[in-house]
Amino acid sequence: MNASFKSLTWKQTNLVVFTALFFAIAIFIVEIAIQVISTKNQLADAQQELLNSVEQTTTNAVWSLDDKLASQTLQGIIKVDNVGSAVIELDDGSRFVSTANQASKSFGAYESLSQRLFGDLKETSRPLYRPFYFESNQQQQLIGTLTIFYDTQKLTNKLFGQLQLGLIATLARALLLTLVLTVVFHRFLTQPIAQISEAIDKIDPDSPDENLLPMAPAHKDDELGLVTSKFNQILLQFSQTQNKLRKMATRDPLTGLPNRTLLLETLNVTIQRSRVHKRNFSLLFIDLDRFKNVNDSLGHALGDQFLARIARILERVVGDRGSVARLGGDEFVILADEIQTPVQAADFVDKLLIQLNAPIQLNEHAIHPAASIGISIYPEDGDTAEDLIRHADIAMYSAKAAGSNQWSFFKQQMTERAAVRLRTEASLHDALKNNEFLLYFQPKFDLNTHKVVGCEALIRWQKDGRLISPMSFIPVAEETGIIIPIGRWVIEQSCKVIREWQRKYNYAIPIAVNVASQQFADASLVPDIKQLAIRYQISPELLEVEITETSLMNDVEQAIIKLEQLKTAGFGIAVDDFGTGYSSLSYLRHLPITTMKIDRAFVSDLPKDSAIASTILMLGQQLDLSIVAEGIENDEQLQWLKDNNCVIGQGFFFSEPLPLEEFEQQFISAKTAKILQV
């Protein structure tokens, strides 16, 4: 039981004790007030009564200067309770007679309190006047004063002595009542509650109906009995639905495999067992490649059948070496607790992919499954269930990036790259706001005349005084969608540059701008380009839009519509990276393009491997397109291109991308730029 637990019996005992003490002290204070007021009133009355009784005698004694009579009178006065001394003074202030009680003066514990309570009654006096019968004029004549002093300390001690006895009696009654109430409460309330608490501790969540709460006979017809009865009903109902709920909560309804919830439970148990026995195990994250195509082409019904067949294959391959779970969609996880080393994991995954790649027949369709697999190993890649799944997921994406049917182990660098990607995404939003982007320009040359015939605008990111390579942030921008506003910025800046060249030099060359796949798919691309050209008053043929082959093939029909709109408006259209994708040549002749670029990957192989470059040049001539070779780095490549009638080229052999000012100085202001290396 928790160390901070406090019994209800103890709490109610404290409550009764403190309540009794509070009221006892309150009553004691009230009694003090009543007793003090009563005692003061009695003492005042007694004082007046005493003065009245001796006034005549003392007056006669003073008038006749009979000191013996006066002394006898005073002796009688000091015998009265609480009187300490008495004095008779003559009218001139001289003492006539005085007497005092011989008892020793008492200094009690209430001396200061006595002064506060009875200070105004410590003495009382009565003026003595000449008897009237000796004068005929009836005018009073002061002849002396009688003063009586009282011992209020003795009175206070007596008073509080009585009150102490009353307080002790009150406290004794309160404590006795507390004891009786505590016993009664414990017997009839807290003891049954404690028994219920013990019974609750014994309830097994998996079988709650096996440990119902006890019903105390004395509480069958009261609130405690009602609560106990209701709670037992809840336990019975919960037990009836427990199995149904657990099955629904832990099993995937489509495949019957454990879902994420059951996987996490199993994984946590495996981690605890492996920690005790100091063993390793492997976790495989599987994502089916091209599953969307199956769903889209065959329908969701066959897609579900496909997933169920994959689940059975995975279960068969894993056997008793682990368990298979489905996270959702086309994602599966294998917990291989018998596979402890990377070598074992790699061998298992190779065999798994062989089984997984076997064709699956669904009705009249034969489907060839493929998968990307990420692997994390406990405890090197994580010591919690969440970390192991997340790291295997990261490894799977690394495998998918390498191509279909690939697998990859998790490496810490992958996590670091993911963190850098998140930071880069946040920084890209700030970069647009803070004008951190700038454009570099790489010239395009006529390979025969050696003159500049155009240039390509290339974005750079200047952050904290250094330039960040596009290879570092463009993929992140494409994945997050921020590439759309970045691409629009590039187009607008290029339009501004063209207008500035016309204004300053009365001369301009076409600028090619790259358009990413997401930007090309955006509905506002064509209107944006047209509006920017109008706003900056530039001729459409001075702006060329470069689109990758993959962007065109994502939706060919829509691509043709957009390209027709741009071409009709007069803008140049170039296909970048041609030959690196999977486009069909039958579509190529329908695309309204003006330029085709030979990718640097094919130019770098010249002149030894020239088949693809020759094919592209032949296609360009057949389709009446301009051909631009990019990535020219040496004289041999240049010479082959010239010999094969490639008219335009760009690359480091001529010039690397330059900042705007430097590009203007070398190639725009003089208007006579040539290839200096030739």
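Under an unreviewed UniProt entry, the name given to the chain is GGDEF-domain containing protein, and the organism recorded is Shewanella saliphila.

Participant: Explanation requested: the sheet that holds strand β4 (residues 142-150) in the structure shown.
Facilitator: Remark on secondary structure: sheet strands pair via backbone hydrogen bonds, oriented parallel or antiparallel. The strand order across the open sheet formed by four strands is β2-β1-β4-β3, and the pairing between neighbours is antiparallel. Both edges of this open sheet fall to β2 (95-100) and β3 (123-129), since each of them pairs with a single strand only. Going from strand to strand, the sheet's axes swing by 10° on average, the running direction of each strand aside. Relative to β4, β3 runs antiparallel, the two being bridged by seven bridges. Paired with Glu-123 across the bridge in β4 is Phe-149.

Participant: How should I be thinking about the sheet that holds strand β5 (residues 281-288) in this particular structure?
Facilitator: Here five strands make up an open sheet; going across it, the order is β6-β7-β5-β10-β11 and the pairing mixed. Because the sheet does not close on itself, it has two edges, and the strands there are β6 (323-328) and β11 (407-409). On average, each strand axis in the sheet is tilted by 20° relative to the strand beside it, whichever way the strands run. Direction of pairing for β6 relative to strand β7 (residues 331-336): antiparallel, over a ladder of five bridges. Bridging across to β7, Ala-325 finds its partner in Val-333. Along the sheet, helix α9 (residues 342-356) makes contact with β5, β7, β10 (371-378) and β11, crossing β10 at roughly 155°.

Participant: What is the right way to read the pairing of β7 from this model?
Facilitator: On a regular strand, one side chain projects to one face of the sheet and the next to the other, so that they alternate. With five of six residues buried, β7 lies mostly within the body of the structure. Bridge count for β5 against β7 is six bridges, and the pairing is antiparallel. Opposite Leu-283, over in β7, you have Leu-335 as the bridge partner. What sits between the antiparallel neighbours β6 and β7 is a turn of two residues, in which Gly-329 has the positive phi angle 60°.

Participant: I'm lost on the pairing of strand β17 (residues 572-578) in this one. Help?
Facilitator: Burial runs high along β17: six of the seven residues are buried. Where strand β16 (residues 543-548) meets β17, five bridges bridge the pair, whose relative direction is parallel. Note that in β17 the partner of Val-545 across the bridge is Ile-573. Summarising the sheet, β17 and strand β18 (residues 595-598) pair through three bridges and their orientation is parallel. Each bridged residue has a counterpart across the sheet, and for Phe-578 the counterpart in β18 is Ile-598.

Participant: Looking at this model, I keep getting lost on the packing of helix α7 (residues 291-298) against helix α8 (residues 300-318). Mind explaining?
Facilitator: Helix packing for two helices is described by the angle between their axes and how far apart those axes are. Contact geometry for α7 and α8: axes closest at 7 Å, N-to-C directions at 140°. If you check the angle between α7 and α8, you find them oblique. Contacts from Phe-291, Val-294, Asn-295 and Leu-298 of α7 reach α8 at His-300, Leu-302, Gly-303, Phe-306 and Leu-307. A breakdown of the residues in the contact of α7 with α8 according to their chemical character gives six nonpolar, three polar and no charged.

Participant: How should unusual backbone geometry be read in this particular structure?
Facilitator: The bulk of non-glycine residues show a negative phi, and the bulk of peptide bonds are trans. Of note, the amide linkage connecting Tyr-378 to Pro-379 takes the cis form, showing an omega dihedral of 0°. Position of Pro-379 relative to the elements: it lies in the loop between β10 and α10 (385-401). Here the amide bond leading from Leu-606 into Pro-607 is cis, since omega sits at 0°, within 30 degrees of zero. Note on placement: Pro-607 falls in the loop between α19 (600-603) and α20 (611-622). The backbone of Leu-65 sits at a positive phi, close to 55°, despite the residue not being glycine. Mapped onto the secondary structure, Leu-65 falls in the loop between α1 (8-63) and α2 (67-77).

Participant: It is not clear to me how the pattern of salt bridges should be interpreted in this structure. Could you clarify?
Facilitator: For the coordinates displayed, the defined rule picks out 20 salt bridges. Its salt-bridge partner being Arg-126, residue Glu-55 comes within 2.8 Å of it at the nearest N-O pair. Taken together, the residues span a long stretch of sequence, with Glu-55 in helix α1 and Arg-126 in strand β3 at a distance of 71 residues. Among the residues examined, Glu-55 registers a relative accessible area of 27% and is labelled partly exposed. You can call Arg-126 buried: its relative accessible area is 14%. Note that Lys-444 and Glu-546 form a salt bridge whose closest N and O atoms lie 3.5 Å from each other. Highlighted residues: Lys-444 in strand β12 (residues 437-446) and Glu-546 in strand β16, separated in sequence by 102 residues. With respect to class, Lys-444 is no different from Glu-546; both count as buried. Where salt bridges share partners, they join Lys-444, Glu-456, Glu-544, Glu-546, Lys-597 and Glu-630 into one cluster.

Participant: Looking at this model, I keep getting lost on a nonpolar patch on the surface. Mind explaining?
Facilitator: Taken together, the side chains of Leu-176, Leu-179, Val-180, Val-183 and Val-184 define a hydrophobic patch exposed on the protein surface, amounting to about 440 Å² of accessible area. Mapped onto the elements of the fold, Leu-176 is located in helix α4 (residues 152-201).

Participant: How should I be thinking about the packing of helix α15 (residues 525-535) against helix α17 (residues 556-569) in this particular structure?
Facilitator: In contact at an axis separation of 10 Å, α15 and α17 are set at 15° when each is read in the N-to-C sense. Taken together, the axes of α15 and α17 lie roughly parallel to each other. Two packed elements cross with a definite hand, and for α15 against α17 that hand is right-handed. Residues Val-526, Ile-529 and Lys-530 of α15 form the contact with α17, whose own contacting residues are Lys-562, Gln-565, Leu-566 and Ala-569. Its residues assigned to classes, the contact of α15 with α17 comprises four nonpolar, one polar and two charged.

Criteria and thresholds
- Residues numbered from 1 in each chain as written.
- Predicted model: local features only at pLDDT ≥ 70, side-chain atom pairs only at ≥ 80, totals over all residues.
- Heavy atoms only, no water.
- Pairing = 2+ DSSP bridges.
- Helix = DSSP H or I, 4+ residues; strand = E, 2+ residues; numbered from the N terminus.
- Axes fitted to C-alpha atoms, helices over the stretch in contact; angles between N-to-C directions.
- Contact = heavy atoms within 4.5 Å.
- Buried < 20%, exposed > 50% of the residue type's maximum accessible area, 1.4 Å probe, protein only.
- Parallel < 35°, antiparallel > 145°, perpendicular 65-115°, else oblique.
- Nonpolar A, V, L, I, M, F, W, Y, C, P; charged D, E, K, R; others polar.
- Salt bridge = Lys/Arg side-chain N within 4 Å of Asp/Glu carboxyl O.
- Patch = residues over 30% accessible without salt bridge, like charges linked within 9 Å, V, L, I, M, F, W, Y side chains within 5 Å.
- Areas by Shrake-Rupley, 256 points an atom, 1.4 Å probe, with all protein chains shown as cover.
- Left-handed = near helix turned anticlockwise from the far one by under 90°.

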